[in-house]
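Chains, contacts and geometry: an overview
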Amino acid sequence: GEAYGRVEGPRGELGFYVVSNGQANPWRYHVRAPSFINLTSLQPMSVGEKIADVVAVLGSIDIVLGEVDR
(Lines give C-alpha, C1' and ligand atoms only; values in the text may rest on other atoms or scores of the structure.)
Protein backbone atom coordinates (compact mmCIF):
# COMPACT_ATOMS: atom_id res chain seq x y z
CA GLY A 1 0.00 0.00 0.00
CA GLU A 2 0.89 3.64 0.16
CA ALA A 3 0.36 6.39 2.71
CA TYR A 4 0.91 10.13 3.03
CA GLY A 5 1.27 11.76 6.41
CA ARG A 6 1.82 15.40 7.23
CA VAL A 7 2.86 17.46 10.20
CA GLU A 8 2.60 21.21 10.60
CA GLY A 9 5.98 22.72 11.38
CA PRO A 10 7.23 26.25 12.01
CA ARG A 11 8.16 26.75 8.32
CA GLY A 12 5.16 24.98 6.78
CA GLU A 13 3.81 21.51 6.11
CA LEU A 14 6.28 18.63 6.37
CA GLY A 15 4.99 15.66 4.39
CA PHE A 16 6.01 12.00 4.28
CA TYR A 17 5.05 9.67 1.42
CA VAL A 18 5.68 5.94 1.91
CA VAL A 19 5.06 3.13 -0.60
CA SER A 20 5.29 -0.48 0.52
CA ASN A 21 5.67 -3.67 -1.49
CA GLY A 22 4.96 -5.95 1.47
CA GLN A 23 8.52 -6.18 2.77
CA ALA A 24 9.76 -4.94 6.15
CA ASN A 25 11.30 -1.76 4.68
CA PRO A 26 9.49 0.78 2.49
CA TRP A 27 9.92 0.40 -1.28
CA ARG A 28 9.79 4.17 -1.77
CA TYR A 29 10.05 6.95 0.79
CA HIS A 30 9.84 10.68 0.03
CA VAL A 31 9.96 13.68 2.36
CA ARG A 32 8.30 16.91 1.20
CA ALA A 33 10.28 19.68 2.84
CA PRO A 34 8.49 22.98 3.43
CA SER A 35 11.50 25.15 2.52
CA PHE A 36 11.57 23.86 -1.06
CA ILE A 37 7.89 24.68 -1.58
CA ASN A 38 8.25 28.08 0.10
CA LEU A 39 11.12 28.93 -2.26
CA THR A 40 8.67 28.92 -5.21
CA SER A 41 7.26 32.23 -3.95
CA LEU A 42 10.63 33.94 -4.57
CA GLN A 43 9.91 34.69 -8.23
CA PRO A 44 6.57 36.52 -7.82
CA MET A 45 7.92 38.44 -4.83
CA SER A 46 11.00 39.59 -6.79
CA VAL A 47 9.25 40.89 -9.91
CA GLY A 48 10.00 44.57 -10.36
CA GLU A 49 12.62 44.66 -7.60
CA LYS A 50 16.35 45.30 -7.87
CA ILE A 51 18.94 42.52 -7.58
CA ALA A 52 20.06 43.81 -4.17
CA ASP A 53 16.48 43.56 -2.89
CA VAL A 54 16.31 39.84 -3.69
CA VAL A 55 18.56 39.15 -0.69
CA ALA A 56 16.03 40.76 1.64
CA VAL A 57 13.16 38.93 -0.06
CA LEU A 58 15.00 35.61 0.31
CA GLY A 59 15.61 36.36 3.99
CA SER A 60 11.92 37.05 4.55
CA ILE A 61 10.97 33.59 3.24
CA ASP A 62 13.14 32.02 6.01
CA ILE A 63 14.24 28.92 4.13
CA VAL A 64 16.71 26.23 5.17
CA LEU A 65 19.05 25.62 2.23
CA GLY A 66 19.87 22.11 3.45
CA GLU A 67 16.25 21.11 2.74
CA VAL A 68 16.28 22.75 -0.69
CA ASP A 69 19.55 21.14 -1.81
CA ARG A 70 18.47 17.53 -1.42
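Reference entry: report on the structure contained in this document. (Residues numbered from 1 in each chain as written. Predicted model: local features only at pLDDT ≥ 70, side-chain atom pairs only at ≥ 80, totals over all residues. Heavy atoms only, no water.)

1. Focus on the overall build of the protein chain
Our working rule: Secondary structure is summarised from DSSP: a helix means a run of H or I of at least four residues, a strand means a run of E of at least two, and numbering begins at the N terminus for each. Contact criterion: two residues are considered in contact whenever any of their non-hydrogen atoms come within 4.5 Å of each other. Only the protein chains shown count as cover for residues, with accessible areas throughout obtained via the Shrake-Rupley method and a probe of 1.4 Å. Positive charge is attributed to Lys and Arg, negative charge to Asp and Glu, and no charge count is given to His or to the chain ends. For this purpose, a charge sits on NZ of Lys, CZ of Arg, CG of Asp or CD of Glu.
Helix and strand counts for the protein chain come out as four helices and three strands. Helices and strands appear in the protein chain in the N-to-C order β-β-β-α-α-α-α. Principal axes of the C-alpha set define a box for the protein chain whose edges measure 55 × 20 × 20 Å. Pairs at least 24 apart in sequence give 23% of the contacts found in the protein chain among residues at least 6 apart. Total accessible area computed for the protein chain in this model is approximately 5400 Å², and 58% of it derives from carbon and sulfur atoms. Of the side chains in the protein chain, 6 bear a positive and 8 a negative charge, and the two mean positions are spaced by 3 Å.

2. Concerning the sheet that holds strand β2 (residues 12-19)
Note the threshold: We treat two strands as partners when DSSP finds at least two bridges between them. In this description, a line fitted to the C-alpha atoms serves as the axis of each element, helices being fitted only across the stretch in contact, and the angle between N-to-C directions of two axes falls anywhere from 0 to 180 degrees.
Strand order across the open sheet formed by three strands is β1-β2-β3, with antiparallel pairing between neighbours. Across the chains shown, the open sheet's two edge strands, defined by having one partner strand only, are β1 (2-9) and β3 (28-32). Each strand axis lies, on average, 10° off the axis of its neighbour in the sheet, ignoring direction.

3. Comments concerning the side chain of Ser 35
For clarity, the threshold we go by: Pairing of N or O atoms within 3.5 Å defines a polar contact, subject to two protein rules: one partner must be a possible hydrogen donor and the other a possible acceptor, and residues neighboring in sequence count only if both atoms are side-chain atoms.
Relative to the elements of secondary structure, Ser 35 occurs in helix α1 (residues 34-38). Of note is the side chain of Ser 35, whose polar atom sits 3.1 Å from the backbone nitrogen of Val 64. Residue contacts for Ser 35: discarding those within four places in its chain leaves Arg 11, Ile 63, Val 64, Glu 67 and Val 68.

4. Considering the pattern of salt bridges
Condition: When a carboxyl oxygen of Asp or Glu lies within 4 Å of a side-chain nitrogen of Lys or Arg, that pair is called a salt bridge. Only protein chains enter the accessibility calculation, which uses a 1.4 Å probe; a residue is then buried when its area is under 20% of its type maximum, exposed when over 50%, and partly exposed in between.
Within the structure shown, the criterion is met by three salt bridges. Notably, a salt bridge pairs Arg 11 with Asp 62, separated by 3.6 Å at the nearest N-O pair. Of this pair, Arg 11 sits in the loop between β1 and β2 while Asp 62 is found in the loop between α3 (51-61) and α4 (65-69), placing the two residues 51 residues apart along the sequence. Judged by relative accessible area, Asp 62 falls into the partly exposed class, the value being 41%. In this structure, the salt-bridge partner of Glu 13 is Arg 32, at a minimum N-O distance of 3.8 Å.

5. Focus: the packing of aromatic side chains
What counts here: Only Phe, Tyr and Trp rings are paired, with Trp represented by its six-membered ring, and only when their centres lie within 6.5 Å; those with planes under 30 degrees apart are stacked, over 60 edge-to-face, the remainder tilted.
Tallied over the entire structure, the rule returns one aromatic pair. Ring centres of Phe 16 and Tyr 29 lie 6.4 Å apart, and the angle between their planes is 25°; on these two criteria the pair is classed as stacked. Of this pair, Phe 16 sits in strand β2 while Tyr 29 sits in strand β3, placing them 13 residues apart in sequence.

6. Some words on the pairing of β1
Regular strands have side chains that alternate between both faces of the sheet. Relative to β2, β1 runs antiparallel, the two being bridged by eight bridges. Across the sheet, residue Val 7 finds its bridge partner in β2, namely Leu 14. In sequence, β1 turns back onto β2 through a hairpin of two residues.

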